[in-house]
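Notes for the structure review
Residues per chain are reported as follows:
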Amino acid sequence: MMTRLQTVAPVEELKEQAKRLREKLKATGVSLSHSATLELLAHQHGVRDWNTLHAMAGNRMHLRVGDRVEGRYLGQAYTGEIRGITMLGDGARRRVTLHFDTPVDVVRFDSFSAYRQRVTGEIGWDGQSLRHTSDGEPQLVVRPV
């Protein structure tokens, strides 16, 4: 049984979990090394070893409200700030609200423009939306600056 990527905490939190587990076990008379505790924690998450769990947690993009980001929205480059994040469903997706430093024109016609400065979209742990534009590009791409 394998833990799904979206349910794995960041590496720093996993290390804190291992530290708390080690302290609780020690209080009951069970003494484990830190590395043995990390291995035990990995097994609790349903993976083979600490290295596997660490890799799973490390492959996730961690974003917070207030973070500076850059990327593309409907094909237009932007820089901006995260103003809101909401976990969706089982955690595999997040709804992010972005405020662009400079409004971007989301229309590709020469005779018409529509500028957006605050947008909301859904992204996966890779920072890309599951939805795509008509040319196959993700509607939204978010990367930490």
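Notes on the structure in this doc start here.

Okay, helix H1 (residues 11-27) next. The terminal C-alpha atoms of H1, which comprises 17 residues, lie 25 Å apart, in line with the 24 Å expected from a rise of 1.5 Å per residue. Those residues of H1 that fall on the buried side of the exposure criterion are Val11, Leu14, Ala18, Leu21 and Leu25. For H1, the angular spread of the buried residues around the axis is 75°, confining them to a single face. Away from the buried face of H1 by more than 90 degrees, exposed residues Glu12, Lys24, Lys26 and Ala27 are located. Where H1 is buried, its residues meet helix H2 (34-44) and helix H3 (50-58). Note on H1: the residue one or two positions beyond its end, Gly29, has a positive phi of about 95°.

So, on to the pairing of strand S3 (residues 93-105). Judged from the 8 bridges that link them, strand S2 (residues 76-88) and S3 form a sheet pairing that is antiparallel. Its bridge partner being in S3, Leu88 is matched across the sheet by Arg93. Sheet topology places S3 next to strand S4 (residues 115-124); 9 bridges connect them, and they run antiparallel. Within S4, the residue paired with Leu98 across the bridge is Val119.

Inspection of the entire model under this criterion finds 8 salt bridges. For Arg83, the salt bridge is made with Glu81, and the minimal N-O distance between the two is 3.2 Å. For Glu122, the salt bridge is made with Arg93, and the minimal N-O distance between the two is 2.6 Å. Remark: Arg93 occurs in strand S3 and Glu122 occurs in strand S4; sequence separation between them is 29 residues.

For the structure shown, the criterion picks out 2 aromatic pairs. In textbook terms, an aromatic cluster arises when at least three aromatic residues are bridged by ring pairs, as seen for Tyr73, Tyr78 and Phe100.

Turning next to the layout of surface pockets. In this structure, the largest pocket spans a volume of roughly 180 Å³. Broken down by element, the residue count for the lining of the largest pocket peaks at 4 residues, all from S4. In terms of residue class, the lining of the largest pocket is made up of 4 nonpolar, 4 polar and 2 charged.

A few words on H2. Within H2, the full set of buried residues consists of Thr37, Leu38, Leu41 and Ala42. The buried residues of H2 occupy an angular sector of 145° when the element is viewed end-on, so they sit on one face. Next to the buried residues of H2 lie H1 and H3. Positioned one or two residues after H2, Gly46 has a phi angle of 85°, which is positive.

So, on to the side chain of Asp49. As for its position among the elements, Asp49 is in the loop between H2 and H3. For Asp49, a relative accessible area of 18% gives the class buried. In terms of polar contacts, Asp49 uses its side chain to reach the side chain of Thr52, at 2.8 Å. Sequence-distant contacts of Asp49, defined by excluding residues within four places in its chain, comprise Glu39 and Ala42.

Here the focus is the sheet that holds S2. Across the sheet, 5 strands lie side by side as S4-S3-S2-S1-S5; this open sheet has antiparallel pairing. Because the sheet does not close on itself, it has two edges, and the strands there are S4 and strand S5 (140-144). Taken pair by pair, the neighbouring strands of this sheet meet at an average axis angle of 35°, ignoring direction. Here strand S1 (residues 68-73) runs beside S2; their pairing, made up of 6 bridges, is antiparallel.

Each value, and the rule that gives it
Residues numbered from 1 in each chain as written. Predicted model: local features only at pLDDT ≥ 70, side-chain atom pairs only at ≥ 80, totals over all residues. Heavy atoms only, no water. Helix = DSSP H or I, 4+ residues; strand = E, 2+ residues; numbered from the N terminus. Expected span 1.5 Å × (residues − 1). Buried < 20%, exposed > 50% of the residue type's maximum accessible area, 1.4 Å probe, protein only. Arc of directions from axis to C-beta. Contact = heavy atoms within 4.5 Å. Pairing = 2+ DSSP bridges. Salt bridge = Lys/Arg side-chain N within 4 Å of Asp/Glu carboxyl O. Phe/Tyr/Trp six-rings, centres within 6.5 Å; stacked < 30°, edge-to-face > 60°. 1 Å grid on protein atoms, 1.4 Å probe; cavity = no way out; pocket = protein on both sides within 12 Å on 5 of 7 lines; lining within 4 Å. Points joined across faces, edges and corners; volume = space filled by probe spheres on them. Nonpolar A, V, L, I, M, F, W, Y, C, P; charged D, E, K, R; others polar. Polar contact = N/O pair within 3.5 Å; in protein donor to acceptor, adjacent residues only side chain to side chain. Axes fitted to C-alpha atoms, helices over the stretch in contact; angles between N-to-C directions.

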